[in-house]
Amino acid sequence: MTTEWPLWEVFIRGQHGLNHRHVGSLHAPDAKMAIHNARDVYTRRNEGVSIWVVRSSDVVASAPSDKGPLFDPANSKVYRHPTFFDVPDEVGHM
Amino acid sequence: MYAQMVKTDAARVKSLDEMEPVERAFQERIDAGQKIEPKEWMPEGYRKTLIRQISQHAHSEIVGQLPEGNWITRAPTLERKAILLAKVQDEAGHGLYLYCAAETLGISRDEMYGQLHSGKAKYSSIFNYPTLSWADIGAVGWLVDGAAIMNQVPLQRCSYGPYARAMVRICKEESFHQRQGFDILTVLCKGSPEQKAMAQDALNRWWWPSLMMFGPSDDASVHSAQSMAWNIKQDSNDELRQKFVDQTVPQAKFLGLTVPDPELKWNDEKGGHDFGEPDWTEFFEVIAGNGPCNRERLEARRKAWDDGAWFRDGLTAHAEKHAARKTPAAAV
Ligand SMILES: [Fe+2]
Ligand SMILES: [Fe+2]
Ligand SMILES: [Fe+2]
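In this text the structure is predicted, and so the values were computed from the model without any measurement.

A. Quick peek at the overall build of chain A. Along its length, chain A carries 2 helices and 3 strands. Its helices and strands in sequence order give chain A the pattern β-β-α-β-α, from N to C terminus. Here the C-alpha coordinates of chain A stretch approximately 75 × 35 × 15 Å along the principal axes. For chain A, buried positions account for 22% of its 94 residues. Within chain A, contacts between residues at least 6 apart in sequence are counted, and of these 44% link residues at least 24 apart. Just so you have it, chain A exposes about 7000 Å², and 57% of that area is on carbon and sulfur atoms. Positive and negative charge centroids in chain A, built from 10 and 11 side chains respectively, lie 9 Å apart.

B. Region of the structure containing the overall build of chain B. Helices and strands together make up the secondary structure of chain B, namely 13 helices and 2 strands. Rg of the C-alpha trace for chain B: 22 Å, near the compact-globule value of 20 Å for 332 residues, within the 12% margin. Across its three principal directions, the C-alpha atoms of chain B cover 80 × 55 × 35 Å. Residues classed as buried in chain B amount to 53% of the 332 residues present. Pairs at least 24 residues apart make up 78% of the contacts formed inside chain B by residues separated by at least 6 positions. Taking the 40 positively charged and 46 negatively charged side chains of chain B as two groups, their mean positions are separated by 6 Å.

C. Main features of the coordination of the iron ion (ligand 3). Residues and elements named next belong to chain B. Protein ligation of the iron ion (ligand 3) involves Glu 91 (OE), Asp 145 (OD), Glu 174 (OE) and His 177 (ND1), the donor distances falling in the range 2.0 to 2.3 Å. Note that the iron ion (ligand 3) binds 4 donor atoms; their angles at the metal cover 86 to 175°, and the shape is irregular. Here the donor residues of the iron ion (ligand 3) are spaced in sequence according to E-x53-D-x28-E-x2-H. The distance between the iron ion (ligand 3) and the iron ion (ligand 1) comes to 3.2 Å, and Glu 91 binds to both of them. Of the two residues, Glu 174 and His 177 are both situated in helix 7 (residues 161-189); the distance of 3 residues between them amounts to about one turn of the helix. Residue class for His 177 comes out buried when judged on its relative accessible area of 0%.

D. Here's a closer look at the interface of chain A and chain B. Of the residues lining the interface, 21 residues belong to chain A; the matching set on chain B comes to 23 residues. For the pair chain A and chain B, the summed buried surface comes to about 1900 Å²; carbon and sulfur atoms form 52% of the total. Linking chain A with chain B are 12 residue pairs in polar contact (both at pLDDT 80 or more). Of all the secondary-structure elements, those providing two or more residues to the side of chain A that touches chain B are strand 2 (21-27) and helix 1 (31-42) of chain A. The residue makeup of the side of chain A that touches chain B, split by class, is 10 nonpolar, 4 polar and 7 charged.

E. How the structure looks around the sheet that holds strand 2 of chain A. Residues and elements named next belong to chain A. Read from one edge of the open sheet, 3 strands run 2-1-3, paired in antiparallel fashion. Where the open sheet ends on each side, the last strands, each with one partner, are strand 2 and strand 3 (50-55). This sheet shows a mean twist of 30° between the axes of neighbouring strands, independent of strand direction. Both strand 1 (residues 7-13) and strand 3 contribute to a ladder of 6 bridges, which runs antiparallel. Each residue of the ladder has a partner; that of Glu 9, found in strand 3, is Val 54. In the packing of helix 1 onto the sheet, contacts are made with strand 1, strand 2 and strand 3, and the angle to strand 2 comes to roughly 115°.

F. The coordination of the iron ion (ligand 1), seen in detail. Residues and elements named next belong to chain B. The coordination sphere of the iron ion (ligand 1), as far as protein atoms go, consists of Glu 61 (OE), Glu 91 (OE), His 94 (ND1) and Glu 174 (OE), spread over 2.1 to 2.6 Å. Classification of the site at the iron ion (ligand 1) as irregular follows from its 4 donor atoms and the range of 80 to 152° in their angles at the metal. Along the chain, the residues donating to the iron ion (ligand 1) fall in the pattern E-x29-E-x2-H-x79-E. If you look at the iron ion (ligand 1) and the iron ion (ligand 2), they sit 3.4 Å from each other and are both ligated by Glu 91. Remark: His 94 and Glu 91 occur in helix 4 (residues 78-103); sequence separation between them is 3 residues, near one turn of the helix. Each of the two residues, Glu 91 as well as His 94, counts as buried.

G. Quick look at the pattern of salt bridges. This structure, assessed with the given rule, holds 24 salt bridges over all chains. Across the salt bridge formed by B:Asp90 and A:Arg45, the nearest N and O atoms sit 2.5 Å from each other. Of the two residues, B:Asp90 is situated in helix 4 and A:Arg45 in the loop between helix 1 and strand 3; the pairing between them involves two chains. By relative accessible area, A:Arg45 is classed as partly exposed at 35%. When the shortest N-O distance is used, the salt bridge between B:Lys87 and B:Glu91 registers 3.0 Å.

H. A nonpolar patch on the surface, seen in detail. On the surface, a cluster of nonpolar side chains totalling about 420 Å² of accessible area is made up of A:Val78, A:Tyr79, A:Phe84 and A:Phe85. With respect to the secondary-structure elements, A:Phe85 resides in the segment after helix 2 (67-75).

I. A look at unusual backbone geometry. The phi dihedral of A:Asn46 is positive, around 60°, even though this residue is not glycine. Here A:Asn46 is to be found in the loop between helix 1 and strand 3. Not every positive phi belongs to a glycine, and B:Asn231 is a case in point at roughly 55°. Within the secondary structure layout, B:Asn231 lies in the loop between helix 9 (222-229) and helix 10 (237-255). Classification of B:Asn231 as buried rests on a relative accessible area of 19%.

Calculation notes
Residues numbered from 1 in each chain as written. Chains lettered and ligands numbered in written order. Predicted model: local features only at pLDDT ≥ 70, side-chain atom pairs only at ≥ 80, totals over all residues. Heavy atoms only, no water. Helix = DSSP H or I, 4+ residues; strand = E, 2+ residues; numbered from the N terminus. Buried < 20%, exposed > 50% of the residue type's maximum accessible area, 1.4 Å probe, protein only. Contact = heavy atoms within 4.5 Å. Areas by Shrake-Rupley, 256 points an atom, 1.4 Å probe, with all protein chains shown as cover. Lys, Arg positive; Asp, Glu negative; His and termini not counted. Charge placed at Lys NZ, Arg CZ, Asp CG, Glu CD. Rg over C-alpha atoms; globule rule 2.2 N^0.38 Å. Donors = N, O, S within 2.8 Å, 3.2 Å for Na, K, Ca; no water. Tetrahedral: all angles 85-135°; square planar, octahedral: opposite > 155°, others 65-115°. Buried area = accessible area lost by both parts, 1.4 Å probe. Polar contact = N/O pair within 3.5 Å; in protein donor to acceptor, adjacent residues only side chain to side chain. Nonpolar A, V, L, I, M, F, W, Y, C, P; charged D, E, K, R; others polar. Pairing = 2+ DSSP bridges. Axes fitted to C-alpha atoms, helices over the stretch in contact; angles between N-to-C directions. Salt bridge = Lys/Arg side-chain N within 4 Å of Asp/Glu carboxyl O. Patch = residues over 30% accessible without salt bridge, like charges linked within 9 Å, V, L, I, M, F, W, Y side chains within 5 Å.

Taken by themselves, the reported measurements are silent on function.
So, in structure tokens, the structure goes:
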């Protein structure tokens, strides 16, 4: 037999209450083993307090060729940043 | 290095003007220090070279566990045993980070294992030398991990995103490796005359193979020039070797050990050491498969893979059975 174990993407929440962050991937036969392996591969030094694993084949990603059409609309909307507006010095902190 | 003499398929390095627009855009992004990510367009040569380099690097981490694993059951104290176990486990982790990075380029894990086990893929020459005494474990951490750090640190800035990120994780763990090795030697060098002699003997045997890790001079190599243009190699082999010697010689002095090179001396003018030439005939013999432990290493890898087959298959069968039980049987 010998088929390759499926690939899983690993996400870890660090100590400081941040979002889960993608740290890498690994092979495992099922979700339970993927979590076990992720602990050994990615948290040998207490790097996390919680692990998510997702089958790589279940991840839907934007295509690199869409980069322009997908993100361009944000470029022209500079007023979304607070620095767009001048606040007179007299007004103080805002 | 952990990846030695990686070929690029390039006959010479193209100038921007000779490139098709898409390749030119790619090269300009690299020149601007941008990262290339998995699904983006890349020249076939870049992809193939990276697969060679990253998989060779991964194989080195994995095979590199063998010479050190040799001493886990014979470490002199329980603490030393626990430390060595943690170090060797880290190396397994390094191999796994790197295999994953290589897989993003379109090669499967099993394909890479196949290349290692058939002898088609190389791993670093250094792991074909035997670890004969406990002092060798000190020398390996100090010199071999020390040499690896020299080129892994700049690789954190390399152009391929998944490789660069794997290198960041690896570098965080490497200095523990080097320090535990140096610590082993520090203790031996402060011990009995016999212990000190053991440390000196280890340095005598590991010094030259460590210098060979950087590979022969590549100043005139097209492959090296192409890899540098792609920013998957940052320093020449000679530059790294010089850096390594300059960093290591004072540490040997601190230990009270003699570097086994009669030509070694400080050169004020260049602000670095002059040193002798490693025996490159020996290096090429080791690369060709005729080093002291090549056969033993590959046999150990193959045996581990073959002996583990029933276990891998068992877990797969278990996972399939569970998945089938969870999904309500589809209407037949
Ligand atoms: Fe390593
Ligand atoms: Fe290593
Ligand atoms: Fe290491």
